[in-house]
Amino acid sequence: MSEKLDSFRLTESFLQGAKRVIEKKQELNNINIFPVADGDTGSNLSSLMQAILDNTQRNTTSISNFLNEMAEASLLGARGNSGLIFAQYLSALAENYPKTSHKVQDLINALNHAVNKAYSSLIEPREGTILSVMRAWSNALLSASQEEEPFREALLSSKLSAKKALTQTQFQIKVLKQNQLVDSGAMGFYYFVEGFTETYCSEGKITYKKEQSTELVSSLPSHFETVAPTYRYCSEFILKKPLLSSKELQNLLEDYGDSLVIIGNSAQLKIHLHVHSPEKILQLLEPYGEVTYQKVDDMQLQYDITKHRKASIALVTDSIADLPSTFLNNHQINVLPMNIMINDQAFLDKLTIRATSLENKLVSQPKLSTAQPTIRTVDALLSFLEEKYEHVLVVTVSSKLSGTNQLINQRIKEKQLSPNWIRVIDSKLNSAAQGLLVHEASKWIETGMTFESLIFNVEKLRERIFIYVAVEDLSAMISSGRIPAKLGKIAQKLSLHPIITLDSSGNGRLGGLSFSQEGSMKKIKKKIDKLVAKNKVQNLAITHAAVPNKALQWREELLGTAQLDFIVESSTAIAISAGIGSIAIAGIQKEKNL
């Protein structure tokens, strides 16, 4: 086939295919039951397509350059099984398309190479998934080209082949057959093909009309027959300058989880794996290259919310709120992970790094800092919650200590989300104090409290919560800038140990000094004892930075003074700011009788 491609029409067709997938996000989420019924395939594919739209140049005469831009963008934007397979497909398409070509046949050949690469990205490729529709479309285009069909006619007939393959997916996988559903990833690829074909085959000026596409799923059953995920977390990593090949990485990782997908090239690889411990996978990868990207989604929580939602109001907080993981899981609380920066590498607080593992990394005296959750992480969570809940309440760490509150408000404004649906509360707290606020908010939600009453009560309660931190070593507070270097060095020479608390606006302030951490703990206990003596303490919580024995000792000393809601290891962010070995107690004062 010697026919030439219209480069502008082709690039616009890819972009309109991407837009079509984004338009169908919720439909794809609704039918997402394989391999895990976590309801996010549409969101994951939309993330991929939005990255393509945001990072490619429309007005290009070089098809090869556009395909390479699209491939690079897809590697960054890909999320989930189908997203990574799709990204591998686009990457191979760019890799196999000749640099200076404008030939239709070269595009068709490259598409067929791309299908083979997509299959090879999985250890056990499954028919009845996105792969089946990819292969059907590419095979149909190849057959049409061999019969010398004009490209536009080949696209139209190949779209029908893709649709037929999509329909067949409901008979190829047991859980899809039970529910009479097609595969959501396969449908996402079909919608991409649909948008691409309609744009390239349009006559005259290219236009995009939302109403051109019809819903492939007209009605859905109220209940799907599904099973919970085998592994809790969907984890993804990008490994730059990998020292192992894709095959070697497959051999290294395949026994640690399922749904392993590895895409990319010799410059960088993106790894997707369902696991119980993302932190363990990161530790396995670190010797074999620079890990430049980490993403972890809680599939079990997504599944529970999708299948067995406990309340009509979603509760969201950030990882600085220290609460037991069992409580967070049981009450379906969504947590945005802070970014922990060690030198130039970002880790996900409480997911790929914890206070205990931070201690091991301190041997090399790295540069440590914390950063708010990424925009992509916030947007992904909001997208997931949008169709799941009537209302969303977000309780953030003190805005005086982090930009997280501001970031979430900015994303809400950008997405034009209604304050009737979502509200963000600045806790003016951190650590276990913030955890206690979230703890009480969760209980109120499950009693059926109205959204406005919940907001009123949470804002009122935060004024009655306190926290005292007994610091063991001032080094962390000096390096993080929380104590001026000169003052810190003087305090260290004098063996002074500060007690840190928060003021009413959420700023850290000095709450006392001692000549040892043990002395600080005694002073804090005296403060608590005085409040207890006056019957002013309602609840208590203890948190520690990798010193569980000290926390247990404190619990014994405080036993019987007030209700102790939990003891928990602090977030890595708190461990960085207050230092390994720090221990804190937070509490709620009883409401004053009017």
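Details of the structure are given in the entry above.
Quick caveat, the model's predicted, so the values are computed rather than measured. (Residues numbered from 1 in each chain as written. Predicted model: local features only at pLDDT ≥ 70, side-chain atom pairs only at ≥ 80, totals over all residues. Heavy atoms only, no water.)

1. With respect to the packing of helix 1 (residues 7-23) against helix 10 (residues 184-200)
Using the following cut-off: Only the stretch in contact is used when fitting a helix axis, every axis being a line fitted to C-alpha atoms; angles between N-to-C directions are given from 0 to 180 degrees. Put simply, DSSP H or I for four residues or longer makes a helix, DSSP E for two residues or longer makes a strand, and each gets a number counted from the N terminus. An angle below 35 degrees is treated as roughly parallel, one above 145 as roughly antiparallel, one from 65 to 115 as roughly perpendicular, and anything else as oblique. Note on convention: the crossing is left-handed when the near helix lies turned anticlockwise from the far helix by less than a right angle, right-handed when the turn is clockwise. Working rule for contacts: check all heavy atoms of both residues, and any pair within 4.5 Å makes them a contact. Amino acid classes used here: Ala, Val, Leu, Ile, Met, Phe, Trp, Tyr, Cys and Pro are nonpolar; Asp, Glu, Lys and Arg are charged; the rest, including Gly, are polar.
Here helix 1 crosses helix 10 at 140°, and the two axes come no closer than 7 Å. In terms of orientation, helix 1 lies oblique with respect to helix 10. Of the two possible hands of crossing, helix 1 and helix 10 adopt the one that is right-handed. Across from Arg 9, Leu 10, Glu 12, Ser 13, Phe 14, Gln 16, Gly 17, Ala 18, Arg 20 and Val 21 in helix 1, the residues of helix 10 making contact are Gly 188, Tyr 191, Phe 192, Glu 194, Gly 195, Phe 196, Glu 198, Thr 199 and Tyr 200. By residue class, the composition of the contact of helix 1 with helix 10 is eight nonpolar, six polar and five charged.

2. Overview of the nonpolar core
The condition is simple: The set of buried Ala, Val, Leu, Ile, Met, Phe, Trp, Tyr and Cys residues whose side-chain atoms join them within 4.5 Å is what this entry labels a nonpolar core. With a 1.4 Å probe rolled over the protein chains alone, any residue whose accessible area is under 20% of its type maximum counts as buried; one over 50% counts as exposed, and the rest are partly exposed.
With 76 residues, the main nonpolar core has Phe 86, Tyr 89, Met 134 and Trp 137 as its most contacted residues. What Met 134 contacts, discounting residues up to four positions off in sequence, is Ile 85, Phe 86, Tyr 89, Val 115, Ala 118 and Phe 189. Ile 445, Leu 461, Ala 584 and Ile 588 belong to the second largest nonpolar core, which has 37 residues in total.

3. So, a positive patch on the surface
In plain terms, the rule: Only residues whose relative accessible area exceeds 30% and that take part in no salt bridge are eligible for patches, with like-charged residues grouped when within 9 Å of each other and nonpolar side chains (Val, Leu, Ile, Met, Phe, Trp, Tyr) grouped when within 5 Å. Only the protein chains shown count as cover for residues, and the accessible areas themselves come from Shrake-Rupley with a 1.4 Å probe. Whenever a carboxyl oxygen of Asp or Glu lies within 4 Å of a side-chain nitrogen of Lys or Arg, that contact is scored as a salt bridge. His residues and chain termini do not enter the charge count, which takes Lys and Arg as positive and Asp and Glu as negative. To locate a charge, take NZ of a lysine, CZ of an arginine, CG of an aspartate or CD of a glutamate.
Side chains of Arg 509, Lys 523, Lys 526, Lys 527, Lys 530, Lys 534, Lys 536 and Lys 592 sit close together on the surface and give a patch of like positive charge. Counting residues per element, the positive patch draws most heavily on helix 22 (residues 517-533), which supplies four residues. Considering the arrangement of structural elements, one finds Lys 530 in helix 22.

4. Examining the environment of Pro 35
Structurally, the position occupied by Pro 35 is in the loop between helix 2 (25-30) and helix 3 (41-54). Judged by its relative accessible area of 37%, Pro 35 falls in the partly exposed class. Separated by 140 residues in the primary sequence, Pro 35 and Val 175 have C-alpha atoms spaced 9.0 Å apart.

5. Here we look at unusual backbone geometry
Phi is positive for Glu 148, close to 60°, though the residue is something other than glycine. Of note, Glu 148 is situated in the loop between helix 7 (130-146) and helix 8 (151-168). One non-glycine residue, Ser 259, adopts positive backbone phi at about 55°. Locating Ser 259 in the fold gives a position in strand 2 (residues 258-264).

All we've got here are geometric facts, nothing functional implied.
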